[in-house]
Amino acid sequence: QVQLVESGGGLVQAGGSLTLSCTVSGRTFATDTMGWFRQAPGKGREFVAHITSSGAHPYYGDFVKGRFTISRDNAKNTVYLQMNSLNPEDTAIYYCAADNVPMGGSTYYTAYDYWGQGTQVTVSS
């Protein structure tokens, strides 16, 4: 059974930082491209970042503007999203997702095969 479990969300003040983690079990993590998406209330699922199986070629949504960093540790089956300079517009549920293509990297959520349950990030002003 494939499981993606996110953690690290919470409440933070504007300008603060959080690091999200997503640990994967039940599949060969090292061959998956991993992505992060987010969904704010009343809005669609928005691409945040993705990283290929080797950890090379991270790619970010336009709104990130250098504030977030995606990384992965294949030995721990875990992908991370470090978020700095958070603002209230970053408030959303953040989801990690796995694409079973090693050199994948779509910005469309439909390209991803497996999803976590999400973790809430709330940024207060």
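The structure presented is a predicted model; accordingly, all values stated were derived computationally and were not measured.

Draft legend 1. Expanded view of the pattern of salt bridges. In this structure the tally under the stated criterion is four salt bridges. For the salt bridge of Asp-32 with Arg-27, the shortest nitrogen-to-oxygen distance reads 2.5 Å. The class of Asp-32 is buried, set by a relative accessible area of 0%. Measuring nitrogen to oxygen at the nearest pair gives 2.7 Å for the salt bridge that ties Arg-67 to Asp-90. One end of the pair, Arg-67, is in the loop between β6 (59-60) and β7 (68-73); the other, Asp-90, is in the loop between β8 (78-83) and β9 (92-99), and 23 residues separate them in sequence. Like Arg-67, the residue Asp-90 is buried in the burial classification. Several salt bridges share partner residues, and in doing so they unite Arg-38, Glu-46, Arg-67 and Asp-90 into one network.

Draft legend 2. Here's a closer look at the packing of aromatic side chains. Tallied over the full model, the rule gives seven aromatic pairs. Consider the rings of Phe-37 and Phe-47, whose centres lie 5.7 Å apart with planes at 70°: the pair is edge-to-face. Here the residue Phe-37 occupies a position in strand β4 (residues 33-39), and Phe-47 occupies one in strand β5 (residues 45-51), the gap between them amounting to ten residues. Note on Phe-37 and Tyr-112: the rings are 5.2 Å apart at their centroids and 75° apart in plane angle, and the pair reads as edge-to-face. Of this pair, Phe-37 sits in strand β4 while Tyr-112 sits in the loop between β9 and β10 (114-115), and the two are 75 residues apart along the sequence.

Draft legend 3. Layout of the sheet that holds β7. On the basis of which strands lie adjacent, the open sheet formed by four strands has the order β1-β3-β8-β7 and antiparallel pairing. Looking at which strands have only one partner, the edges of the open sheet turn out to be β1 (3-7) and β7. On average, each strand axis in the sheet is tilted by 15° relative to the strand beside it, whichever way the strands run. Looking at chain direction, β7 and β8 are connected through six bridges and run antiparallel. Looking at the pairing, Ile-70 lines up with Leu-81 of β8.

Draft legend 4. Layout of the environment of Ser-85. As for its placement among the helices and strands, Ser-85 is situated in the loop between β8 and β9. Put simply, Ser-85 and Val-12 are 73 residues apart on the chain and 10 Å apart in space, counted from C-alpha to C-alpha. Apart from residues lying up to four places away in sequence, Ser-85 is in contact with Gly-15, Gly-16, Ser-17, Arg-67 and Asp-90.

Draft legend 5. Fine view of the state of the cysteines. Going through the model one piece at a time under the given rule, you end up with one disulfide. Here Cys-22 is linked by a disulfide to Cys-96, with a sulfur-sulfur distance of 1.9 Å. Disulfide Cys-22 to Cys-96: torsion about the S-S bond roughly 45°, handedness right-handed. Of this pair, Cys-22 sits in strand β3 (residues 18-25) while Cys-96 sits in strand β9, and the two are 74 residues apart along the sequence. Like Cys-22, the residue Cys-96 is buried in the burial classification.

Draft legend 6. Broad picture of the environment of Thr-19. Looking at the element boundaries, Thr-19 is found in strand β3. For Thr-19, a relative accessible area of 42% puts it in the partly exposed group. The spatial distance from the C-alpha of Thr-19 to the C-alpha of Ile-70 is 9.6 Å, given a sequence separation of 51 residues. Not counting residues within four places of it along the chain, the set of residues in contact with Thr-19 comprises Ser-7, Gly-8, Leu-81 and Gln-82.

Reading the values: rules and limits
- Residues take numbers from 1 onward in each chain, read along the sequence in its written order.
- This being a predicted model, a pLDDT of at least 70 is required before a residue's local features are given, and a value of 80 or more before pairs of side-chain atoms are given or counted; all residues contribute to the totals for chains, interfaces and linings.
- As a rule here, side-chain values cover all heavy atoms of the structure and leave hydrogens and water aside.
- Any carboxyl oxygen of Asp or Glu within 4 Å of a side-chain nitrogen of Lys or Arg constitutes a salt bridge here.
- For each residue, the accessible area found with a 1.4 Å probe, counting protein chains only, is set against the maximum for its type, and the residue is called buried under 20%, exposed over 50%, and partly exposed in between.
- Counting from the N terminus, the helices are DSSP H or I runs at least four residues long and the strands are E runs at least two residues long.
- Here the aromatic set is Phe, Tyr and Trp, taking the six-membered ring for Trp, and pairing holds for ring centres within 6.5 Å; pairs whose planes are under 30 degrees apart are stacked, those over 60 apart are edge-to-face, and all others are tilted.
- For two strands to pair, DSSP has to find at least two bridges joining them.
- Axis definition: a line fit to C-alpha positions, over the contact stretch in the case of helices; interaxial angles, taken between N-to-C directions, run 0 to 180 degrees.
- By definition, residues are in contact when any of their heavy atoms lie within 4.5 Å.
- Disulfides are defined as pairs of cysteine sulfur atoms found within 2.5 Å of each other.

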